[in-house]
Amino acid sequence: MLNTDVARVFGLKGSMIKLKRGSFLWYLYLDKLYCLLSVRNVKALVEYFHLLDVHRKKTLNDVLFYHFLHHVTDLKRNQITIVFNMLDWNAVGEIGFDQFYMLVCILLAQENHLEEQFLFRHSRPVFELLDLDGELKIGPDNLHMYNFLFNIKKEQLRDLYYNFDITGDRLLNYKEFKLFTIFSMDKYQESQKAEKEKKNEKALLQKKVAQVNESQRESLLGTKQFESISNYNC
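Before going into details, it helps to say that this report is about the structure given with it. No experiment lies behind these values; they were computed from the predicted model shown. (Residues numbered from 1 in each chain as written. Predicted model: local features only at pLDDT ≥ 70, side-chain atom pairs only at ≥ 80, totals over all residues. Heavy atoms only, no water.)

**Concerning the overall build of the chain**
- If you tally the helices and strands in the chain, you get ten helices and two strands.
- Listing every helix and strand of the chain by position from the N terminus yields α-α-β-α-α-β-α-α-α-α-α-α.
- In the chain, which comprises 234 residues, the share counted as buried stands at 39%.
- In the chain, 65% of the contacts between residues at least 6 apart in sequence involve partners at least 24 apart.
- About 14700 Å² of surface is accessible on the chain, with carbon and sulfur atoms providing 55% of the total. (Helix = DSSP H or I, 4+ residues; strand = E, 2+ residues; numbered from the N terminus. Buried < 20%, exposed > 50% of the residue type's maximum accessible area, 1.4 Å probe, protein only. Contact = heavy atoms within 4.5 Å. Areas by Shrake-Rupley, 256 points an atom, 1.4 Å probe, with all protein chains shown as cover.)

**Section: the nonpolar core**
- Residues Phe68, Leu69 and Phe100 are the most contacted members of the largest nonpolar core, which totals 59 residues.
- In this structure Phe68 touches Leu25, Tyr48, Leu52, Phe100, Leu103 and Val104, once residues within four positions along its chain are discounted. (Core = buried A, V, L, I, M, F, W, Y, C linked by side-chain atoms within 4.5 Å.)

**Quick word on the packing of helix α4 (residues 77–87) against helix α8 (residues 140–150)**
- Their axes nearest at 11 Å, the elements α4 and α8 cross at an angle of 100°. As far as their axial angle goes, α8 and α4 are roughly perpendicular. Contacts between α4 and α8 involve Gln79, Ile82, Val83 and Met86 from the former and Met145, Tyr146, Phe148 and Leu149 from the latter.
- Here the contact of α4 with α8 is composed, by residue class, of seven nonpolar, one polar and no charged. (Axes fitted to C-alpha atoms, helices over the stretch in contact; angles between N-to-C directions. Parallel < 35°, antiparallel > 145°, perpendicular 65-115°, else oblique. Nonpolar A, V, L, I, M, F, W, Y, C, P; charged D, E, K, R; others polar.)

**Things to note about unusual backbone geometry**
- Phi is positive for Arg56, which is not a glycine, with a value near 55°.
- Structurally, the position occupied by Arg56 is in the loop between α2 (39–52) and β1 (60–61).
- For Arg170, which is not glycine, the phi torsion reads 60° and is therefore positive.

This is the structure we're talking about:
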């Protein structure tokens, strides 16, 4: 079965990962500019990793990894297995803290809608994660398979290899993948700027409406006061 077929069966394409409210990851803060945890949060994450590492091997096996992700996210068992296999790139059956930290940052980036920033800031480690065969290239099946982690838009996936596969081999090398992350980041910033301008225009319009309403109210009050004085004089 092809990776795209697997993704379709498991419902991975286009799905959004949700952190469970009140779980440990819910209270961690991801810097919006660099998409990294603060030193204090990293220390807390290290302690949490040690608590999960019940065998004191400084690693997590697939069972411990499953219970961790099942506890903090809404991922299904099959999805968790896929994530574990991606992180366990040398197939030793365990992952260390570096891979664990990377995953936590990915989850927090998606939870906070910072996927474009994360891909842009960490394009090299993400590329290495997606390069499952170690060929220094990413095929379309890889992106389809793991898109639920990075939430790349459907139209981006559709046009990705057409626009950025400069060599024409239906594979992305790192330079091509980096170009994609730069382009995505630029589009994201443009959309954010447009959204901000739209909010500012809406706020300005609301302010003007409020000023007009206040002016009309004061005018109405003035008219009523004048009528009251006139009636009193009479």
